[in-house]
Amino acid sequence: MSNNKKQIIISIEKLNIAKDWHKHLESTFKLDYFKNLEQELNNSDKIIYPTSGDIFKAFALSGFNNTKVIILGQDPYHNENQAHGLSFSVADRVKIPPSLRNIYKELEFDLGIKPNTSGNLERWASQGVLLLNSVLTVEKNSPGSHAKLGWEVFTDSVIDLLNKEKQNLVFMLWGNYAQQKSELIDVEKHLVLSSTHPSPFSAHKGFFGSKHFSKANEYLKMHKQNPINW
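Here we summarise the structure given alongside this text. (Residues numbered from 1 in each chain as written. Predicted model: local features only at pLDDT ≥ 70, side-chain atom pairs only at ≥ 80, totals over all residues. Heavy atoms only, no water.)

Re the overall build of the protein
So, point 1. Along the backbone of the protein there are eight helices and six strands.
So, point 2. Taken against the 2.2 N^0.38 rule, which gives 17 Å for 230 residues, the C-alpha radius of gyration of the protein at 17 Å falls within 12% of a compact globule.
So, point 3. For the protein, the spread of C-alpha atoms along the three principal axes comes to 50 × 35 × 25 Å.
So, point 4. Counting the 230 residues in the protein, one finds 52% classified as buried.
So, point 5. Summarising the internal contacts of the protein: among those between residues at least 6 apart in sequence, 69% fall at separations of at least 24.
So, point 6. Just so you have it, the protein exposes about 11300 Å², and 47% of that area is on carbon and sulfur atoms. (Helix = DSSP H or I, 4+ residues; strand = E, 2+ residues; numbered from the N terminus. Rg over C-alpha atoms; globule rule 2.2 N^0.38 Å. Buried < 20%, exposed > 50% of the residue type's maximum accessible area, 1.4 Å probe, protein only. Contact = heavy atoms within 4.5 Å. Areas by Shrake-Rupley, 256 points an atom, 1.4 Å probe, with all protein chains shown as cover.)

Observations concerning helix 6 (residues 151–165)
So, point 1. Here helix 6 is 15 residues long and its end C-alpha atoms lie 21 Å apart, about the 21 Å a rise of 1.5 Å per residue gives.
So, point 2. Buried within helix 6 we find Trp151, Glu152, Phe154, Thr155, Val158, Ile159, Leu161, Leu162 and Asn163. (Expected span 1.5 Å × (residues − 1).)

What to know about the packing of aromatic side chains
So, point 1. Taken as a whole and assessed by the stated rule, the structure comprises 19 aromatic pairs.
So, point 2. Ring geometry for tryptophan 124 and tryptophan 230: centres 4.8 Å apart, planes at 85°, overall edge-to-face. On the criterion of sequence distance, the pair formed by tryptophan 124 in helix 5 (residues 122–125) and tryptophan 230 in the segment after helix 8 (212–222) is long-range, its members being 106 residues apart.
So, point 3. When the ring centre of phenylalanine 64 is taken as reference, the NZ or CZ atom of lysine 166 above it lies at 5.3 Å. (Phe/Tyr/Trp six-rings, centres within 6.5 Å; stacked < 30°, edge-to-face > 60°. Lys NZ or Arg CZ within 6 Å of the ring centre and 35° of its normal.)

So, the environment of tyrosine 77
So, point 1. Secondary-structure assignment places tyrosine 77 in the loop between strand 2 (69–73) and helix 4 (98–111).
So, point 2. The exposure class assigned to tyrosine 77 is buried, which follows from its relative accessible area of 19%.
So, point 3. Measuring from C-alpha to C-alpha, the distance between tyrosine 77 and valine 90 comes to 8.5 Å, with 13 residues separating the pair along the chain.
So, point 4. Setting aside chain neighbours within four positions, we find tyrosine 77 in contact with Tyr49, Gln82, Ala83, Phe88, Ser89, Val90, Pro97 and Val138.
So, point 5. Polar contacts involving the side chain of tyrosine 77 include one to the main-chain carbonyl oxygen of phenylalanine 88, which spans 2.9 Å. (Polar contact = N/O pair within 3.5 Å; in protein donor to acceptor, adjacent residues only side chain to side chain.)

Observations regarding the side chain of serine 87
So, point 1. Checked against the element boundaries, serine 87 lands in the loop between strand 2 and helix 4.
So, point 2. A polar contact is formed between the side chain of serine 87 and the backbone nitrogen of leucine 132, at a distance of 3.3 Å.

As structure tokens, then:
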């Protein structure tokens, strides 16, 4: 990517996130680890996904005050045109990945909702579903390449913030990696829904039949919040 060597992947001054998120995270962006993360990305000569404008899309579409459900992924899709800043989601007209197909299958089993022809989950995000990957960037064709770069510190701080500052959230933790984040969540204040990952390798071991979507909506209604139109 020599012609893009000087491309700014991420700029703290120009983060595209909701105003209320910026208020809560402003001090985080000034920490050394985050500045180092910014420098690492901007000095990279690799192709990085998602594009710079989409890295923080989850925080742009679901504001802090609006967030009521968190679906945690691991890192972005690493193939061209797939990642666009929301966990498990792909842009319109992009082939729906296997894990998302299984999410749609479970949604149909749980709530009778026919699978969407698009894998774009922005409609969920706009209702307060924070589709958060633990790592927000990845190198092309190299899954997990930006693990340990500092993103986990950032997203763990986001989970900790939500846990402490809000009440009656729903956390959907699918797979062993996501379930490790349960130690950051107070189960007395929030609902934690755990299962195996929706990947074809594990969906049949507990994800299918988990009914997390209806359970989430029942919990939200019980706490006088609007359910998600999945």
